[in-house]
Amino acid sequence: MMTAPNRSAIWQILERVCDPEIPVITIADLGVLRDVLIHEDGEVEVIITPTYSGCPAMNMIAVEIRLALKAEGIEKVKITTQLSPAWTTDWFSEEGKQKLKQYGIAPPVDASPHVRQLFGQETGIQCPQCGSTHTQLLSQFGSTSCKALYQCQDCKEPFDYFKCHR
Amino acid sequence: METAKNKTNQALFNVVLSLADSTLILSHRLSEWCGYGPVIEQDIAMSNIALDLIGEARNFYDYAAKLEGAGKTEDDYVYFRESKDYKNLLLCEQLNGDFAHTVVRQFFFDSWHIHFLDVLRNSPDETLAAIAGKSFMEVSYHIKWSSEWVIRLGDGTEKSKQKMETALEALWPFSGELMEATEDEKILIAAGILPNFEQLKTIWMEQIMSVLTRATLEVPTGKNTVQTGGKTGRHTEYLSYLLAEMQSVQRAYPGLKW
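Residues numbered from 1 in each chain as written. Chains lettered and ligands numbered in written order. Predicted model: local features only at pLDDT ≥ 70, side-chain atom pairs only at ≥ 80, totals over all residues. Heavy atoms only, no water.

1. A few points about the packing of helix α2 (residues 40-68) of chain B against helix α6 (residues 126-154) of chain B
Residue and element names in this part refer to chain B.
Here is step 1: Remark: α2 packs on α6, axes separated minimally by 10 Å, with the N-to-C direction vectors making an angle of 160 degrees. By the angle between their directions, the pair α2 and α6 is classed as roughly antiparallel. By crossing handedness, the relation of α2 to α6 is classed as left-handed. Mapping the contact onto sequence places Q42, A45, M46, I49, D52, L53, E56, N59, F60 and Y63 in α2 and T127, L128, I131, S135, E138, H142, W145 and W149 in α6.
Here is step 2: Class assignment for the residues of the contact of α2 with α6 results in 10 nonpolar, 5 polar and 3 charged. (Axes fitted to C-alpha atoms, helices over the stretch in contact; angles between N-to-C directions. Helix = DSSP H or I, 4+ residues; strand = E, 2+ residues; numbered from the N terminus. Parallel < 35°, antiparallel > 145°, perpendicular 65-115°, else oblique. Left-handed = near helix turned anticlockwise from the far one by under 90°. Contact = heavy atoms within 4.5 Å. Nonpolar A, V, L, I, M, F, W, Y, C, P; charged D, E, K, R; others polar.)

2. Quick look at the pattern of salt bridges
Here is step 1: Applying the stated criterion across every chain, the model contains 18 salt bridges over all chains.
Here is step 2: Of the charged contacts in the structure, one is a salt bridge between R121(B) and D118(B), with a shortest N-O distance of 2.8 Å.
Here is step 3: In this structure R121(B) comes out as partly exposed when scored by relative accessible area, which is 34%.
Here is step 4: Given a relative accessible area of 17%, D118(B) falls into the buried group.
Here is step 5: Two residues, E183(B) and K186(B), come together in a salt bridge whose shortest N-O distance is 3.4 Å. Here K186(B) and E183(B) lie together in helix α8 (residues 183-190), a separation of 3 residues that amounts to about one turn.
Here is step 6: On the basis of relative accessibility, which here comes to 56%, the residue E183(B) falls in the exposed class.
Here is step 7: What you see here is one network of salt bridges that share partners, running through D29(A), E95(A) and K99(A). (Salt bridge = Lys/Arg side-chain N within 4 Å of Asp/Glu carboxyl O. Buried < 20%, exposed > 50% of the residue type's maximum accessible area, 1.4 Å probe, protein only.)

3. Description of the state of the cysteines
Working definition: the covalent bond between the sulfur atoms of two cysteines is a disulfide.
Residue and element names in this part refer to chain A.
Here is step 1: Counting across every chain of the model gives 0 disulfides over all chains.
Here is step 2: Free of any disulfide, C130 has its nearest neighbouring cysteine sulfur in C152, separated by 3.6 Å.
Here is step 3: When its relative accessible area of 40% is taken as the criterion, C130 is described as partly exposed.
Here is step 4: Of the cysteine sulfurs around C146, a residue in no disulfide, the closest is that of C55, at 6.5 Å.
Here is step 5: With relative accessibility at 11%, the residue C146 sits in the buried group. (Disulfide = S-S within 2.5 Å.)

4. A look at the interface of chain A and chain B
Size of an interface: often given as the accessible area lost when the parts come together.
Here is step 1: Each side of the interface is counted separately: chain A has 26 residues, and chain B has 32 residues.
Here is step 2: In total, chain A and chain B occlude about 2600 Å² of area from one another, counting both sides; carbon and sulfur atoms represent 63% of this.
Here is step 3: At the junction of chain A and chain B, the tally comes to 7 residue pairs in polar contact (both at pLDDT 80 or more).
Here is step 4: A per-class count over the side of chain A that touches chain B returns 12 nonpolar, 11 polar and 3 charged. (Buried area = accessible area lost by both parts, 1.4 Å probe. Polar contact = N/O pair within 3.5 Å; in protein donor to acceptor, adjacent residues only side chain to side chain.)

5. Remarks on the domain arrangement of chain A
All names here are of chain A.
Here is step 1: Assigned domains within chain A: domain 1 (7-81) and domain 2 (92-162).
Here is step 2: In this structure, domain 1 and domain 2 have C-alpha centres spaced 27 Å apart.
Here is step 3: Contacts between the two partners involve 9 residues from domain 1, matched on the other side by 12 residues from domain 2.
Here is step 4: Of the roughly 960 Å² buried between domain 1 and domain 2, counting both surfaces, carbon and sulfur atoms make up 68%.
Here is step 5: A per-residue breakdown of the area domain 1 buries against domain 2 is headed by I22, V24 and D29, which together make up 50% of the total.
Here is step 6: Residue D29 pairs with K99 through a salt bridge whose shortest N-O separation is 2.7 Å. (Domains from an automatic or database assignment.)

6. Topic: the packing of α6(B) against helix α9 (residues 197-214) of chain B
Residues and elements named next belong to chain B.
Here is step 1: In the contact formed by α6 and α9, the axes pass within 8 Å of each other and the chain directions differ by 40 degrees. Judged by the inter-axis angle, α6 sits oblique to α9. Read as a crossing pair, α6 and α9 show a hand that is right-handed. Note on element contacts: α9 touches α6 through Q207, V211, L212 and R214, opposite I143, S147, V150 and I151.
Here is step 2: Residue composition of the contact of α6 with α9, by class: 5 nonpolar, 2 polar and 1 charged.

Written as structure tokens, this is what we have:
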């Protein structure tokens, strides 16, 4: 039996929930976890935002949140998906970017062309294997909505790049 | 006063449902390429675009359900309506054809979609603005993909150019519906909720001309509003076949969950 839930304790529990598709980063690193509200009747409302509109991981993330809270005895949980303001890679934590890189995914680079620019690609993307920036875009679309496919021109290794999205 | 408000609400419901249907049906068409793409990267690209569009469709269906207030879910709209109740653009239901047809269909749609959402994200309707703001960033990748392919195939080999010309001629008559306002849309444009379609028409045409010029392709000369009516439920024969396949499981086992 738990006493009245405390916001920072709940935040700490949720901070440990990992992204189901990139299990080295948490939903807090990603910026998917937006807020936690504790209502007068004791209900805990968790506010999350999708990375991409069709991201299939969102359902799984909601399940993981419920399980993590249940393990701590918190069962009265409401999960609210909030679309606005729209998620951007600017919400990615620095720690999260480092974890991505170690995992073999190039983290988002800030100097991306404006979304309205029709042609031209992002530059300065570093190969997570050898560190070279001599890399080339193979496809804007990768294994998940949030990633593009690149290849290193030095070590020749193909790799995923977490697209700069804003 | 009250009736004017009701009229706007009814128009809003119809238009939101129409946007949901267009993005769903185009998503479904693209998903038909899954496993059949010309190369793996393009197979993945089309599946990714389909995924973004279905995400957008779900947001619109969710909003439609709230507006209707009858306790329906997105599944009720998707699985239990007949083709005459669907309000999608005719362009979206056209067959994939060859890769050139799919690219041209996407290019016409994206060239409208990106500019439509760009204005809609500042709509006074907060839900529409939130959905548009979210999808706008995603569609910026779609328009890059379809424009690059128009250029690559148009300015490619003799054969690829000829296939693009055939696809442009075939789909051009469907493209005008994107910017032809229905009575419901006119109500919302007048209320400042939807973008001005005349301005969209100009921006769309500029986009089409600039990319087709780079692709060394000609803009088709015929009227582009020959085939319209999808937004009010008048469809081509292709939609019923698509729905029959998409709805088959729910029609056989209503309410089935997995």
